[in-house]
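These are the residues of each chain, in order.
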Amino acid sequence: MICDNCHERPASVVVTQSKNGKTEERHLCDVCAAHFQPFQGDFGGDPLGIQQFLQNWFAGPGVFQNAQPQVESGPECQNCGLTFRRFIERGKFGCPECYSAFRKELPEVFNKVQGGYTKHEGKVPASYSGRIAAERKIKDLRRQMKEAINQEDFEHAAQLRDEVRELERSLEEGGGHDVVD
């Protein structure tokens with residue numbers, strides 16, 4: 001894909017911006033991305049480092065020109081003494097206890113780093129996708145069946161039980177591809 005800005009070099013950075021509820025995605029080369037307002041800084045041909053990324057998100061534009069980010073100090077790890085501010089600057093924890101010390105701040109960090117996709121389900125090879133989907137469906141049906149039993153809706157629970165048995169039988173026969181909705 002070619003850069004949306006210069007139309008000369010291959011795009012290596014995808015920038016997604018939301019303004020007034022409208023999302024815009026732009027594909028930029030390294031050179032254009034370095035001049036793009038939210039990502040001011042020297043990329044130097046290297047991918048954007050996690051510490052630069054975190055500093056940019058928490059400290060705002062222009063952080064790469066100033067060595068001091070505008071993030072408040074935040075909590076401090078009792079084990080190694082690392083502050084949240086220093087974590088944002090470095091992009092690394094000082095010790096395993098930092099996970100506990102920064103527990104309240106980490107969801108926001110992960111949300112911004114992952115672009116809102118904080119639940120990872122992984123990828124499944126195409127040859128196993130039907131089987132995995134069937135197993136997930138069985139798990140969901142069993143959960144629904146327990147709820148139906150707790151509500152004393154035994155007829156619905158029996159229907160769900162039969163559906164689970166059918167899916168399990170299909171999996172035992174090596175299927176699962178056509179059974180799941």
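Residues numbered from 1 in each chain as written. Predicted model: local features only at pLDDT ≥ 70, side-chain atom pairs only at ≥ 80, totals over all residues. Heavy atoms only, no water.

### Observations regarding the overall build of the protein
Heads up, the rule is: Secondary structure elements follow DSSP: runs of H or I of four or more residues count as helices, runs of E of two or more count as strands, with numbering from the N terminus. Here, residues are in contact when the closest pair of their heavy atoms is within 4.5 Å. We get accessible surface area from the Shrake-Rupley algorithm with a probe of 1.4 Å; when it comes to residues, only the shown protein chains can shield them.
Assigned secondary structure in the protein consists of 7 helices and 2 strands. Listing every helix and strand of the protein by position from the N terminus yields β-β-α-α-α-α-α-α-α. Considering only contacts in the protein between residues 6 or more positions apart, those separated by 24 or more positions represent 31%. Of the roughly 12,800 Å² of accessible surface on the protein, a fraction of 47% belongs to carbon and sulfur atoms.

### Some remarks on the confidence of the model for the protein
As a reminder, the rule being used: Each residue gets a pLDDT score, which is the predictor's confidence in that residue and runs from 0 to 100.
In the predicted model, the protein carries a mean pLDDT of 75, and 69% of its residues have values of at least 70. For the protein, per-element mean pLDDT is lowest for helix H2 (residues 50-59), which scores 58, and highest for helix H7 (residues 154-172), which scores 92. Across residues 39-46, where pLDDT falls below 50, the model places 18 contacts with residues more than four positions away in sequence or in other chains.

### Points about unusual backbone geometry
Keep this limit in mind: Exposure categories follow from relative accessible area, calculated using a 1.4 Å probe and restricted to protein chains: below 20% of the type maximum is buried, above 50% is exposed, and the middle band is partly exposed.
A positive phi is found at His7, a non-glycine position, where the angle reads about 60°. Looking at the secondary structure, you find His7 in the segment before strand E1 (13-19). Under the relative-accessibility criterion, His7 is labelled exposed at 57%. Phi angles above zero are rare outside glycine, and Glu152 is one such case at about 60°.

### Structural notes on the environment of Arg131
For Arg131, the position within the fold is in helix H6 (residues 126-150). Sequence-wise, Arg131 and Leu171 are 40 residues apart; in three dimensions their C-alpha atoms are separated by 6.9 Å.

### So, the nonpolar core
The criterion, for reference: Take the buried residues of types Ala, Val, Leu, Ile, Met, Phe, Trp, Tyr and Cys, join any two whose side-chain atoms come within 4.5 Å, and each joined set is a nonpolar core.
In terms of nonpolar packing, the biggest core is built from 11 residues, these being Cys77, Leu82, Phe84, Phe87, Ile88, Phe93, Cys95, Cys98, Phe102, Leu106 and Val109. Take this core: its biggest share by element is 3 residues, from helix H3 (residues 84-90). Filtering out sequence-adjacent residues up to four positions away, Cys77 remains in contact with Leu82, Cys95, Glu97, Cys98, Ala101 and Phe102. One finds Met145, Ala148, Leu167 and Leu171 within the second-largest nonpolar core, a separate group that totals 10 residues.

### A look at the pattern of salt bridges
Put simply, the rule reads: For salt bridges, the criterion is a side-chain nitrogen of Lys or Arg within 4 Å of an Asp or Glu carboxyl oxygen.
Counted by the stated rule, this structure contains 7 salt bridges. Between Arg143 and Asp140 there is a salt bridge, and its shortest N-O distance comes to 2.6 Å. On the criterion of helical spacing, the pair formed by Arg143 and Asp140 is a turn pair, its members being 3 residues apart in helix H6. Looking at Arg143, the relative accessible area reads 41%, which means it is partly exposed. Between Asp162 and Arg161 there is a salt bridge, with the nearest N and O atoms lying 3.1 Å from each other. Accessibility expressed as a relative area gives 35% for Arg161, which makes it partly exposed. What emerges from the salt-bridge pattern is a single network uniting Asp140, Arg143 and Glu147.

### Focus on the side chain of His27
Definition in use: Throughout this description, a polar contact denotes any pair of N or O atoms lying within 3.5 Å of each other; where both atoms belong to protein, one of them has to be capable of donating a hydrogen while the other can accept it, and for residues adjacent in sequence the pair is counted only when both atoms sit in side chains.
Relative to the helices and strands, His27 resides in strand E2 (residues 22-28). Side-chain polar atoms of His27 contact the side chain of Glu25, separated by 3.3 Å. Setting aside anything within four residues of it in sequence, one finds His27 in contact with Met1, Ile2, Cys3, Asp4, Asn5, Ala11, Val13 and Val14.

### Section: H7
As a reminder, the rule being used: To estimate how far a helix should extend, the number of its residues minus one is multiplied by 1.5 Å. By construction, the arc corresponds to the directions joining the helix axis to the C-beta atoms.
Its 19 residues give H7 an end-to-end C-alpha distance of 26 Å, which sits within 8% of 27 Å, the value for a rise of 1.5 Å per residue. Taken together, the buried positions of H7 are Ala157, Leu160, Val164, Leu167, Ser170 and Leu171. Down the axis of H7, the sector holding all buried residues measures 145°, keeping them to one side. Residues of H7 that are exposed and point over 90 degrees away from its buried face: Phe154, Glu155, Gln159 and Glu172. Gly174 lies just past H7 and shows a positive phi near 85°.

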